[in-house]
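Structural overview for review
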Amino acid sequence: MTLVVLAVVAALAAGRADPLDSRVAQANAAAQALQGPLDGAWTLRDRREREVYALRMTDPPNGPGAGVGAWRDIQGRLGALTFTRLGARAVAIDFGEGPVRFARGADGVWRGAARGLGRVTLTRSLASLRPPV
């Protein structure tokens, strides 16, 4: 054990990369490959920028297709959702009352219109550890 620690310290002192860093990076890349771009935590806000729903979505990685998730509203109610990626810049999310279609603008913000809410935006939540899509 002492020899291993000394070898790592010597490698770091010599300016060589730690082999553990490489393995961690490889494991992270493998995990990311199992997730689609919408995987993670999202926030749906109304036109006044008030949070309406907190979403968690599980997105398969293989191109346009269906995914599943859950929502929580500001009253604490919970529900299931499904969504379909319609390409790189469009998604339809169904909260159980018919789909809400979102389009991603050049600024990276997803915008749509929801029944009873009017204009809404969908942004990556701070709870998500994935970088924005």
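First things first, this report covers the structure right here in the doc. (Residues numbered from 1 in each chain as written. Predicted model: local features only at pLDDT ≥ 70, side-chain atom pairs only at ≥ 80, totals over all residues. Heavy atoms only, no water.)

Our focus in this paragraph is the pattern of salt bridges. Here the structure, examined in full by the defined rule, presents 4 salt bridges. Here D46 makes a salt bridge to R50, at a shortest N to O gap of 2.7 Å. By relative accessible area, D46 is classed as buried at 6%. Overall, the relative accessible area of 45% leaves R50 in the partly exposed class. Between D73 and R77 there is a salt bridge, with its nearest N and O atoms 2.6 Å apart. Overall, the relative accessible area of 6% leaves D73 in the buried class. (Salt bridge = Lys/Arg side-chain N within 4 Å of Asp/Glu carboxyl O. Buried < 20%, exposed > 50% of the residue type's maximum accessible area, 1.4 Å probe, protein only.)

This brings us to the pairing of strand β6 (residues 99-104). Bridge analysis of strand β5 (residues 90-94) against β6 gives 5 bridges, and the strand direction is antiparallel. Residue pairing in the sheet places I93 in a bridge with V100 of β6. Between the end of β5 and the start of β6, which pair antiparallel, lie 4 residues, with G96 showing a positive phi angle near 110°. The sheet contact formed by β6 and strand β7 (residues 110-114) spans 3 bridges and is antiparallel. For R104, the partnering residue across the bridge sits in β7 and is W110. Counting the residues that bridge the hairpin from β6 to β7 gives 5 residues, and of these G108 lies at a positive phi of roughly 85°. (Pairing = 2+ DSSP bridges. Helix = DSSP H or I, 4+ residues; strand = E, 2+ residues; numbered from the N terminus.)

Even without a glycine there, the phi angle at E49 is positive, about 70°. Among the structural elements, E49 can be located in the loop between β1 (40-45) and β2 (51-58).

Here we come to the nonpolar core. Formed by 19 residues in total, the largest nonpolar core has its most connected members in L44, L55, L81, I93, F95, F102 and L122. Of all the secondary-structure elements, those providing two or more residues to this core are β1, β2, β4 (78-85), β5, β6, β7 and β8 (118-124). Looking at which element gives the most residues to this core, the answer is β2, with 4 residues. Leaving out residues up to four positions away in the same chain, L122 has contacts with W42, T43, L44, L55, I93, F102 and W110. (Core = buried A, V, L, I, M, F, W, Y, C linked by side-chain atoms within 4.5 Å. Contact = heavy atoms within 4.5 Å.)

The sheet built from 8 strands closes into a barrel, its strands ordered β1-β2-β3-β4-β5-β6-β7-β8 with antiparallel pairing. Pairwise comparison of adjacent strand axes, ignoring direction, gives a mean angle of 30° for this sheet. Across 7 bridges, the pairing between strand β3 (residues 66-73) and β4 is antiparallel. Bridge assignment links A66 to a residue of β4, and that residue is T84. (Axes fitted to C-alpha atoms, helices over the stretch in contact; angles between N-to-C directions.)

Before going further, it helps to examine the environment of E97. For E97, the location among the structural elements is in the loop between β5 and β6. Since its relative accessible area comes to 61%, E97 is described here as exposed. It is 10.0 Å that separates the C-alpha atoms of E97 and A114, two residues lying 17 residues apart in sequence.

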